Amino acid sequence: MTNKRQTAISRSIHRALLREHDQTGTRRYNVLALIFAFLSIWQIRLVRISAQLFKSLRNEVWDIDEVDYIDSFVYDKKKADGAGILPMGDLGYSGSTFFKTANSKFLIKSLPRRSEHSFFREDFLRPYYDYSKSNPDSLLVRITDFLGTAYPAIGTLCQCTPSHHVIMENVLCDKDDDARGPDKWETYDLKPVDYFYPERDLLPEPLTSEETMSRLFDEFNDKIRITKQQYSEFRKTIEEDTKFLRSVNTVDYSLFLIRYPAHLRPRTPTDRKSEWREGALSTDGNWKYRAVLLDFFWAKHKLQAQAMTGIIQTFNVIGRKGPMSITTTAEEYREKFLEMVDGLVELPDER
């Protein structure tokens, strides 16, 4: 059942998406309104950041219908819980909270860390926009909106509620279309296994659930069986995407891999069709694969990353755990990531 905090957050998100803004993308409040905004604990005032930029991506690059997009977030008072945005829980080590729209087309991820949302806004957003316009079939997950607090609030200062959220495509939006098929879908959050993950091995057990730790990364104990032509195009796209991520000094991103039985016929999750979003057919005809690149918010040059690097390098003098994903260089991480991708694939003549 949705709790009050989750309901308040979903309402804040919905209101931000429907609220009219001035040309700067913010809204002017009188003194009394500012006081009430500051005293808010859960239902804080959010605004759309760089609204026109994201609207351009949605409409001109990804062909997302604007009416359908807004309708996905509609808050329906006739429903039992009134929610057009449904909570999915705290699904990440970073403390991020996830929601999805009632029609499952979009996901909302909170960015509770200042280093993450400041990097996204100040360093990543404009390059991401330019890159996405030039590479409409990129495998970088499609981020469709960015929401943040217009003014300080007690709820965000005390970390009771997240101050920023990104909205993105859900490549699993059609998983529940076939009542016979959802349990046959497999998902894998893949990172290079060469690295030591201090977030998994160093945190005290009471602070982290086994379920959360198990989601830090997965292992795919099979092969992606595709043709040489499919892999050539897939590899080329990932090379370009990771080259872009390297240029903005990002590490610790992952390949989100989905496979489901080829006989299922789910709807295409996005308006602009591409093979790896619709489903690439395996050479044996048994599976279809989808893939996107996720979690590119850890920037090496941000203060938290620099502090973490220093701490872990000091620990590593004693612990000797080896290279780590969040302290390596962007270039080295890209090389390991591409090696991982190569190892996932089995081409026809390799059997």
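Residues numbered from 1 in each chain as written. Predicted model: local features only at pLDDT ≥ 70, side-chain atom pairs only at ≥ 80, totals over all residues. Heavy atoms only, no water.

Enquirer: Can you help me understand the overall build of the protein chain in this one?
Expert: Within the protein chain one finds 12 helices and 14 strands. A total of 351 residues make up the protein chain; the buried ones form 52% of that total. Relative to all contacts within the protein chain whose residues are 6 or more apart in sequence, the contacts with residues 24 or more apart total 75%. In the form shown here, the protein chain has an accessible surface area of approximately 17200 Å², with 50% of it arising from carbon and sulfur atoms. (Helix = DSSP H or I, 4+ residues; strand = E, 2+ residues; numbered from the N terminus. Buried < 20%, exposed > 50% of the residue type's maximum accessible area, 1.4 Å probe, protein only. Contact = heavy atoms within 4.5 Å. Areas by Shrake-Rupley, 256 points an atom, 1.4 Å probe, with all protein chains shown as cover.)

Enquirer: I'm lost on helix α5 (residues 114-134) in this one. Help?
Expert: One full turn of an α-helix is made of 3.6 residues, so residues set three or four places apart face in the same direction. Spanning 21 residues, α5 covers 29 Å between terminal C-alpha atoms, matching the ideal 30 Å at 1.5 Å per step. Maximal helix bending in α5 amounts to about 60°, located at Phe-124; proline Pro-127 follows within four positions. Buried within α5 are the following residues: Ser-115, Glu-116, His-117, Ser-118, Phe-119, Phe-120, Phe-124, Leu-125, Tyr-128, Tyr-129, Tyr-131 and Ser-132. (Expected span 1.5 Å × (residues − 1). Bend = angle between axes of the 7 residues up to and from the residue.)

Enquirer: What is the right way to read the pattern of salt bridges from this model?
Expert: A side chain with one charge can pair with a side chain of the opposite charge if their charged atoms come near. Inspection of the entire model under this criterion finds 15 salt bridges. Of the charged contacts, one joins Arg-225 and Asp-222 as a salt bridge, the two residues approaching to 3.1 Å between their closest N and O atoms. Asp-222 is the salt-bridge partner of Arg-259, the closest N and O atoms lying 2.9 Å from each other. Taken together, the positions of Arg-259 in strand β10 (residues 254-261) and Asp-222 in the loop between α8 (210-214) and β8 (224-225) put the pair 37 residues apart, joining distant regions of the chain. A residue is classified by how much of its surface remains accessible, and Asp-222, at 24% relative accessible area, is partly exposed. A single network of salt bridges, built from pairs that share partners, joins Glu-186, Asp-222, Arg-225, Arg-259 and Glu-346. (Salt bridge = Lys/Arg side-chain N within 4 Å of Asp/Glu carboxyl O.)

Enquirer: Explanation requested: the sheet that holds strand β11 (residues 280-281) in the structure shown.
Expert: Two modes of strand pairing occur in sheets, parallel and antiparallel, and in both the strands are linked by backbone hydrogen bonds. Taken in spatial order, the 4 strands line up as β7-β10-β12-β11 in an open sheet, and their pairing is antiparallel. Strands with a single pairing partner mark the edges of an open sheet, and in this sheet they are β7 (186-190) and β11. Summarising the sheet, β11 and strand β12 (residues 287-294) pair through 2 bridges and their orientation is antiparallel. Paired with Ala-280 across the two strands is Tyr-289, which belongs to β12. Relative to β12, helix α9 (residues 228-247) is tilted by about 15°, and along the sheet it contacts β10, β11 and β12. Along the sheet, helix α12 (residues 330-344) contacts β7, β10 and β12; its crossing angle with β10, the most-contacted strand, is approximately 15°. (Pairing = 2+ DSSP bridges. Axes fitted to C-alpha atoms, helices over the stretch in contact; angles between N-to-C directions.)

Enquirer: What is the right way to look at unusual backbone geometry in this model?
Expert: Most of the time, phi is negative for any residue but glycine, and the peptide bond is trans. A positive phi is found at Ser-104, a non-glycine position, where the angle reads about 65°. Within the secondary structure, Ser-104 sits in the loop between β3 (97-101) and β4 (106-110). A positive phi angle, near 70°, is found at Asp-252, a position not held by glycine. Considering the arrangement of structural elements, one finds Asp-252 in the loop between β9 (250-251) and β10.

Enquirer: I keep staring at α9 and nothing clicks. Help me out?
Expert: Given a rise of 1.5 Å per residue, 20 residues ought to cover 28 Å, and the 28 Å separating the end C-alpha atoms of α9 matches this to within 8%. After α9 finishes, the residue Asn-249 shows a positive phi value of roughly 65°.

Enquirer: Whenever I open this one, the packing of aromatic side chains confuses me. Can you help?
Expert: Any aromatic ring pair is given by two values, namely how distant the centres are and how the planes are angled relative to each other. Evaluation of the coordinates by the stated rule reveals 20 aromatic pairs. Arranged with centres 5.0 Å apart and planes meeting at 90°, the rings of Tyr-69 and Phe-106 form a pair that is edge-to-face. With Tyr-69 in helix α4 (residues 66-71) and Phe-106 in strand β4, the pair connects residues that are 37 residues apart, well separated along the chain. Overall, Tyr-69 belongs to the buried group, its relative accessible area being 0%. Ring centres 5.7 Å apart and planes at 45° place the aromatic pair Phe-296 and Phe-297 in the tilted group. Here Phe-296 matches Phe-297 in class, with each residue buried. (Phe/Tyr/Trp six-rings, centres within 6.5 Å; stacked < 30°, edge-to-face > 60°.)

Enquirer: How should the side chain of Ser-110 be read in this particular structure?
Expert: Inspection of the secondary structure assignment puts Ser-110 in strand β4. A polar atom in the side chain of Ser-110 sits 2.6 Å from the backbone nitrogen of Thr-97. (Polar contact = N/O pair within 3.5 Å; in protein donor to acceptor, adjacent residues only side chain to side chain.)

Enquirer: Can you walk me through the pairing of β12 in this structure?
Expert: Working note: regular strand, side chains alternate between the two faces of the sheet. With 8 of 8 residues buried, β12 lies mostly within the body of the structure. Neither face of β12 is open: one carries Trp-287, Tyr-289, Ala-291 and Leu-293, the other Lys-288, Arg-290, Val-292 and Leu-294, and all of them are buried. Between β11 and β12, which pair antiparallel in sequence order, lie 5 residues; one of them, Gly-285, sits at a positive phi of approximately 75°.

Enquirer: In this structure, what is going on with the packing of α5 against α9? I would like to understand it.
Expert: Axis separation between α5 and α9 bottoms out at 11 Å; the angle between their running directions is 155°. Relative to α9, the element α5 is oriented roughly antiparallel. Classified by chirality, the crossing of α9 by α5 is right-handed. On α9, the residues that touch Phe-124, Pro-127, Tyr-128 and Tyr-131 of α5 are Glu-240, Asp-241, Phe-244 and Leu-245. Looking at the contact of α5 with α9, its residues break down into 6 nonpolar, no polar and 2 charged. (Parallel < 35°, antiparallel > 145°, perpendicular 65-115°, else oblique. Left-handed = near helix turned anticlockwise from the far one by under 90°. Nonpolar A, V, L, I, M, F, W, Y, C, P; charged D, E, K, R; others polar.)

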